[in-house]
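Commentary on secondary and tertiary structure
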Amino acid sequence: MDEDMRAALEASELEAALKMSMNKSPEQKKIKTEALSPPSLTEEEELAAAIRLSHQAQVESMVQVEKNSQIEVQDEPDPKDPNATLIVIRLLDGTRLQRRFSMDCKIGQVVNFLKTTGFDPNELKLTTVFPPKEYVNFDETLKEAGLHPSASMVVRKR
């Protein structure tokens, strides 16, 4: 069992035990809490765990980007097509791009379209203006993401 799962399990066991001990005296509660408390991590151990989690997130992001790069960008649908989704994207330099995609198109196709402008998903992120939301699930369709029939998006630095 990895350390994070073990810590989560110990925390949930501690919470359950504390709920059960609500009717005990303050001294009994203190003893029970001290006995069930997970051992505290040293600063170095916490830093190492944070670095591991950060590295794991970077690897997962790179795998997603690689998987996403295999998704082809579909041809732009007719403006009168009711299934067309208009996406307006503001780049870092203020340039605005406008393109239509099918509502069944995946966000990964929008990202691949942006790659032609130098967009790097490892360094930049794609968000909506309002409500602010970062799009990380590149397998989600524009309709599922709530971007149909139109959306205004922004490229931001990570």
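Everything below is about the structure shown above.
Residues take numbers from 1 onward in each chain, read along the sequence in its written order. Per-residue local features of the predicted model are confined to residues with pLDDT of at least 70, and side-chain atom pairs are confined, for both listing and counting, to 80 or more; whole-chain, interface and lining totals are unaffected and use all residues. With hydrogens and water excluded, all non-hydrogen atoms of the structure serve as input to the side-chain values.

What about the overall build of the chain?
Put simply, the rule reads: A run of DSSP states H or I qualifies as a helix once it reaches four residues; a run of E qualifies as a strand once it reaches two. Both are numbered from the N-terminal end. Burial classes: relative accessible area under 20% of the type maximum marks a residue as buried, over 50% as exposed, and values in between as partly exposed (1.4 Å probe, protein chains only). Between two residues, a contact is recorded if the distance between any of their heavy atoms is within 4.5 Å. The Shrake-Rupley method, run with a 1.4 Å probe sphere, supplies the accessible areas, and residue values consider only the shown protein chains as cover.
Assigned secondary structure in the chain consists of four helices and five strands. Starting at the N terminus, the α and β elements of the chain follow one another as α-α-α-β-β-α-β-β-β. In the chain, which comprises 158 residues, the share counted as buried stands at 28%. Pairs at least 24 residues apart make up 63% of the contacts formed inside the chain by residues separated by at least 6 positions. For the chain, the accessible surface area stands at approximately 10900 Å², while carbon and sulfur atoms represent 54% of it.

So, the pairing of strand β1 (residues 84-90)
This is how the line gets drawn: By this definition, two strands are paired if DSSP reports at least two bridges between them.
When you tally the buried positions in β1, you get five out of seven residues, the bulk of the element. The pairing of β1 with strand β2 (residues 96-102) spans seven bridges and is antiparallel. Residue pairing across strands places Ile 89 opposite Leu 97, the latter belonging to β2. The loop that links β1 with its antiparallel partner β2 comprises five residues; one of these, Gly 94, has a positive phi angle of about 95°.

Considering the pairing of strand β5 (residues 150-157)
In the sheet, β1 pairs with β5 via five bridges, with the strands oriented parallel. Counted as the bridge partner of Val 88 is Ser 152 from β5. Where strand β3 (residues 124-128) lies against β5, five bridges are found, and the strand directions are antiparallel. Bridge pairing in β5 places Thr 128 opposite Met 153.

Some words on the side chain of Thr 141
Within the secondary structure layout, Thr 141 lies in the loop between β4 (133-134) and β5. Look past the residues within four positions of Thr 141 in its chain and what remains in contact with it is Met 103, Asp 104, Cys 105 and Lys 106.

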